[in-house]
Amino acid sequence: MEVGGRGGGGRGEKLGVYESVNIISPRDAATLFQAEGTLPERFSVPPWVAYRDYRNKPYGVLLKTGEAWRSDRLMLNKEVLSPQVVEGFVPLLSEVGEDFVRRARAQVGKSGRERWTADFTHELFRFALESVCHVLYGERLGLLQDFVDPEAQRFIDAVSLMFHTTSPMLYLPPTLLRHLNVKTWRDHVQAWDAIFSQADKCIQNVYRDLRLQRKSANEYMGILCSLIMQDKLPLDDIKASVTEMMAGGVDTTSMTLQWAMFELARSPGVQEQLRAEILAAKREAAGDRVKMLKTIRLLKATIKETLRLHPVAVTLQRYTTQEVILQDYRIPAKTLVQVGLYAMGRDPEVFPKPEQFSPQRWLAAGPKHFKGLGFGFGPRQCLGRRIAELEMQLFLMQILENFKIETMRAVEVGTKFDLILIPDKPIYLTLRPL
Ligand code: HEM
Ligand code: 2DC
């Protein structure tokens, strides 16, 4: 299927057994998303579906479709995305950020050199899991201490292995996958098994505490508790989606934060400006984080800019439900259309001087229509978006209030596809107390 041709236009492509139309312009993305209707569907990652069918596990929102997806999603939105609830996440996420700062100071002390230099990948994985679990379960795992629970570490490793083993099987049909007894598939099954069993333990703990009334009703008790107490979703569906959120909350925010720190280290001018904004906001709000979050425009732009250059998802995808016209080509209903997020972020037609890390571009005048799509769009956008944004905003605030971020300038880091996009080599960063 050859659809379209000229540069910047749409292209028909065959990915294994799947055909798709590929677009990169914000205008085409707008056309696609504005026609998506109320039950949008994206490309359903075959190994993820195959695992659940193989083990007879229920789907969460990530893999559900149709009305079943919609009713779960609407219930979850209320507890995970709605502005009223989200404000309640701030103290939980700040606390984890503070612990990270404390740990960083301890590492600086240990080094005896007034700084902490490291590849922060694993530190950030632990920070991210600690953060998402605090909002999901209302409980701390203690991952920012010197001793890390080996089970939690196994969970982190399992999520990375799950992503890593997905990509070689990405374009194989699920039925074939199930009959294939190759190592990649076996590792994939093992990774999901570890993810499900660890999440199940966390869920059971909360459930038990709730039954034994060990949870005090005055403070916010976490997303899982709220969902259980609402009693509007069957427990199995709650569990399935909570498991997805726990797994989805590790590599995504941690990699984005790593990229953000790397870019800020390479642009000391931007870093200084951002720090000035944060310190001014802190003075103004007398340290109240909720208030601060309302005024830090450059920080929000920094996260958008990071996701422009380093999106987690290489593409967004939708199946069309009606005919749409993209670049003068008629795309029939039921076609898989992919928005090349990575390509769009680096297209000079869309972002002048795309190689420059410039958060300011998001604050300047001019249309931003369908340009900031890092979390997807519409009713099917990222469920964890608000958690992720808050977690990253608070982390960067707290780091910049306390440390200067530095890196060795000369090192160029590329991007690798490991289902999500990640750095192609370790990034070494230095935190130096201000
Ligand atoms: C879906 C990006 C963090 C859970 C998605 C999608 C994208 C995305 C692009 C597909 C959206 C679409 O098709 O329109 C990101 C980025 C993150 C992040 C960039 C952080 C920097 C998280 C976190 C969680 C999470 C922290 C869990 C709390 C999910 C789930 C879905 C999803 C469950 C599927 C939603 C559905 O199909 O209804 N994410 N994500 N994500 N994300 Fe995230
Ligand atoms: C991978 O061609 C490349 O947020 C494929 O938190 C198309 C594709 C489809 C769905 C995308 C996936 C890509 C990348 C990872 C994403 C996923 C949807 C959700 C997932 C973007 C672009 C992610 C990382 C979720 C994962 C939750 C899971 C661990 C339970």
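For the structure itself, consult the block above.
Residues numbered from 1 in each chain as written. Chains lettered and ligands numbered in written order. Predicted model: local features only at pLDDT ≥ 70, side-chain atom pairs only at ≥ 80, totals over all residues. Heavy atoms only, no water.

Concerning the coordination of the iron atom of ligand 1
Counting protein donors to the iron atom of ligand 1 gives just one, Cys382 (SG), placed at 2.3 Å. Residue position: Cys382 is located in the loop between α16 (341–345) and α17 (385–402). (Donors = N, O, S within 2.8 Å, 3.2 Å for Na, K, Ca; no water. Helix = DSSP H or I, 4+ residues; strand = E, 2+ residues; numbered from the N terminus.)

Description of the packing of aromatic side chains
The tally for this structure, following the rule as stated, stands at 18 aromatic pairs. When the centroid spacing of 5.7 Å and the interplanar angle of 50° are considered together, the rings of Phe351 and Trp362 count as tilted. In this pair, Phe351 sits in the loop between α16 and α17 while Trp362 sits in the loop between α16 and α17, placing the two residues eleven residues apart along the sequence. An identical accessibility class is assigned to Phe351 and Trp362; each is buried. Three or more aromatic residues joined by ring pairs form one cluster here, namely Trp48, Tyr51, Phe163, Trp192 and Phe196. Geometry around Trp192 places Arg52 over its ring, the cationic atom sitting 4.2 Å from the centre. (Phe/Tyr/Trp six-rings, centres within 6.5 Å; stacked < 30°, edge-to-face > 60°. Buried < 20%, exposed > 50% of the residue type's maximum accessible area, 1.4 Å probe, protein only. Lys NZ or Arg CZ within 6 Å of the ring centre and 35° of its normal.)

Quick word on the site of ligand 1
The local shell around ligand 1 holds 28 residues, among which Arg42, Arg73, Arg318, Arg380 and Cys382 are the closest. Take Trp69: an N or O atom from its side chain is 2.9 Å from an oxygen atom of ligand 1. Here Arg73 contributes a side-chain N or O atom positioned 2.8 Å from an oxygen atom of ligand 1. Of all the secondary structure elements, the ones that give two or more residues to the shell around ligand 1 are α3 (66–80), α11 (235–248), α12 (251–266), β4 (315–319) and α17. If you tally residues by element for the shell around ligand 1, the top one is α12, at three residues. (Near = heavy atom within 4 Å. Polar contact = N/O pair within 3.5 Å; in protein donor to acceptor, adjacent residues only side chain to side chain.)

What to know about a nonpolar patch on the surface
Where nonpolar side chains cluster on the molecular surface, the patch consists of Met408, Val411 and Tyr428 and spans about 290 Å² of accessible area. When its relative accessible area of 55% is taken as the criterion, Met408 is described as exposed. (Patch = residues over 30% accessible without salt bridge, like charges linked within 9 Å, V, L, I, M, F, W, Y side chains within 5 Å. Areas by Shrake-Rupley, 256 points an atom, 1.4 Å probe, with all protein chains shown as cover. Salt bridge = Lys/Arg side-chain N within 4 Å of Asp/Glu carboxyl O.)

Overview of the site of ligand 2
Residues in close proximity to ligand 2 total 19 residues, the closest being Met162, Tyr171, Gly248, Thr315 and Gln317. Between ligand 2 and Tyr171 there is a distance of 2.9 Å, counted from an oxygen atom to a side-chain nitrogen or oxygen. Its free accessible area being 630 Å², ligand 2 has 89% of it covered by the protein chains. For the shell around ligand 2, the secondary-structure elements that each account for two or more residues are α7 (150–166), α11 and β4. Top contributing element to the shell around ligand 2 by residue count: α11, with three residues.

Digging into unusual backbone geometry
Residues other than glycine predominantly adopt negative phi, and peptide bonds predominantly adopt the trans conformation. A positive phi angle, near 60°, is found at Glu114, a position not held by glycine. Of note, Glu114 is situated in the loop between α5 (89–111) and β3 (116–119). Phi at Asp231 takes a positive value of approximately 60°, unusual for a residue other than glycine. Structurally, Asp231 is set in the loop between α10 (223–230) and α11. Classification of Asp231 as exposed rests on a relative accessible area of 63%.

Brief notes about α3
Every α-helix winds through 3.6 residues per turn, so residues three or four apart in the chain are directed the same way. Helix length check: α3, at 15 residues, gives a terminal C-alpha distance of 20 Å against a target of 21 Å (1.5 Å per residue), a fit within 8%. Restricting attention to buried positions, one finds in α3 the residues Gly66, Trp69, Asp72, Arg73, Met75, Leu76, Glu79 and Val80. Residues of α3 that are buried sit in contact with α4 (83–87), α5, α10, α11 and α17. (Expected span 1.5 Å × (residues − 1). Contact = heavy atoms within 4.5 Å.)

Some words on the pattern of salt bridges
Taken as a whole and assessed by the stated rule, the structure comprises 29 salt bridges. Across the salt bridge formed by Arg140 and Asp99, the nearest N and O atoms sit 2.6 Å from each other. Placement of Arg140 in the loop between α6 (121–137) and α7 and of Asp99 in helix α5 is noted, with a sequence separation of 41 residues between them. Relative accessible area serves as the criterion here: at 29%, Arg140 is assigned to the partly exposed category. Residue classification places Asp99 among the buried positions, given a relative accessible area of 13%. Here Arg385 and Glu389 are joined by a salt bridge, their closest N and O atoms 3.0 Å apart. Here the residue Arg385 and the residue Glu389 both occupy positions in helix α17, the gap between them amounting to four residues, near one helical turn.

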